[in-house]
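# Results of the structural survey
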Amino acid sequence: MNCNGIRLAYERSGKGEPVLMIMGSSAAGRVWTTYQTPALHLAGYETIVFDNRGIPPSDVPPGKYSLADMVADTVGLIEALALGPCRIVGTSLGAMIAQELAIGSPHLVRCAALIATRGREDVFRRALANADHALLESGITVPPGYAATRSVMEMFSPATQRNDAAVSAWLEIFELAGGADSGGQSWVDPVGDRRDRLRTITVPCRVIAFADDLICPPHLCAEVADSIPDCDYVEIRDCGHMGYLERPEEVNLALIEFLDKH
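Residues numbered from 1 in each chain as written. Predicted model: local features only at pLDDT ≥ 70, side-chain atom pairs only at ≥ 80, totals over all residues. Heavy atoms only, no water.

Within the chain one finds 11 helices and 9 strands. Here the C-alpha atoms of the chain give a radius of gyration of 17 Å, agreeing with the 18 Å that 2.2 N^0.38 yields for 262 residues. With respect to the three principal axes, the spread of C-alpha positions in the chain is 45 × 40 × 35 Å. Counted over contacts in the chain with a minimum sequence separation of 6, partners at least 24 positions apart contribute 77%. (Helix = DSSP H or I, 4+ residues; strand = E, 2+ residues; numbered from the N terminus. Rg over C-alpha atoms; globule rule 2.2 N^0.38 Å. Contact = heavy atoms within 4.5 Å.)

What follows is the structure, given as structure tokens:
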């Protein structure tokens, strides 16, 4: 599908009213199909998952991407598929895209579930981003085993990290992925403090936070919920940034409960 001048790979499945699923940085849309889309199908929804620019088989244009690029791509997909206004679920970068859609294109958004999101970076999250950018600019490629270990440390909760079988499985998965970075997506900036703009959102929203998330910690997620009028907030224990994989039953329950209301 050609959207905003690039080709986006997408998949529609299930029957019912559509839910657009927006994945986070460096991950393919098919990650949703492990736990979330089957549950949504059983709940009576059609799902649309897609690969953001920078994730093959979608186009991988050169250069550094902006949040505006990613938002424009998603607007193009919604319009090309005649989905709007539709229910939207986004996680991490995908949640930030969903927020911007709700701010700038509310006619395309019926409601939005914002998983592991934030409206600004605090000092520590900015330091993490700066460190990652410095590594990218250095041209150094870290070994896949190192990248896999760091991913497990950053993305999962201590509860998962204490489970040797789970850690072994995730280390293997991440190492087989080659330790690849997310290319142009790595440079997407959250565009400063968006809390004032979040206060202009008029569509129903729910923020879902993960108690042990290092990337989008609960205090930053709660700021988003506090900024959006009438937004509710759900925090799920014993999971990190990939809580939708660590505690999928709780995440799916929170999603379906919210989507059913709207």
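So, next bit.
In the structure shown here, the tally under the stated rule is 4 aromatic pairs. Among the aromatic side chains, those forming a connected cluster through ring pairs are Phe 156, Trp 170 and Phe 174. Looking at Arg 53, its charged tip hangs above the ring of Tyr 65, at a distance of 5.4 Å from the centre. Its guanidinium or amino end placed over the ring of Trp 187, Lys 64 lies 4.1 Å from that ring's centre, counting from NZ or CZ. (Phe/Tyr/Trp six-rings, centres within 6.5 Å; stacked < 30°, edge-to-face > 60°. Lys NZ or Arg CZ within 6 Å of the ring centre and 35° of its normal.)

Moving on, we come to the environment of Asp 189. If you trace the backbone, Asp 189 turns up in the loop between α7 (164-176) and α8 (195-198). Sequence-wise, Asp 189 and Thr 149 are 40 residues apart; in three dimensions their C-alpha atoms are separated by 25 Å. Discounting chain neighbours no more than four positions away, the residues touching Asp 189 are Leu 67 and Arg 126.

With that settled, consider the nonpolar core. Judged by nonpolar contacts, the single largest core of 77 residues is most densely connected at Leu 20, Ile 88, Val 89, Leu 101, Leu 114, Ile 115 and Phe 210. Among the elements that take part in this core, helix α3 (residues 93-104) stands out by supplying 8 residues, more than any other. Those residues in contact with Leu 114 that lie beyond four places of it in its chain are Gly 90, Ala 95, Ala 98, Gln 99, Cys 205, Arg 206, Val 207, Ile 208, Val 224 and Ile 228. (Core = buried A, V, L, I, M, F, W, Y, C linked by side-chain atoms within 4.5 Å. Buried < 20%, exposed > 50% of the residue type's maximum accessible area, 1.4 Å probe, protein only.)

Another point: the pattern of salt bridges. Any two side chains of opposite charge can pair, given that their charged atoms come close. Per the counting criterion, the structure on display carries 19 salt bridges. Of the charged contacts, one joins Glu 17 and Arg 87 as a salt bridge, the two residues approaching to 2.4 Å between their closest N and O atoms. With a gap of 70 residues between them, Glu 17 in strand β4 (residues 17-22) and Arg 87 in strand β6 (residues 86-91) connect regions that are remote in the sequence. (Salt bridge = Lys/Arg side-chain N within 4 Å of Asp/Glu carboxyl O.)

Let us look at the packing of helix α5 (residues 144-155) against α7. With their axes 8 Å apart at the nearest point, α5 and α7 run at an angle of 130 degrees to one another. Regarding the angle of α5 to α7, the classification is oblique. Pair α5 / α7 crosses with right-handed handedness. Mapping the contact onto sequence places Pro 144, Gly 145, Ala 148, Thr 149, Ser 151 and Val 152 in α5 and Val 167, Trp 170, Leu 171, Phe 174 and Glu 175 in α7. (Axes fitted to C-alpha atoms, helices over the stretch in contact; angles between N-to-C directions. Parallel < 35°, antiparallel > 145°, perpendicular 65-115°, else oblique. Left-handed = near helix turned anticlockwise from the far one by under 90°.)

By themselves, these are just geometric observations and shouldn't be taken as functional.
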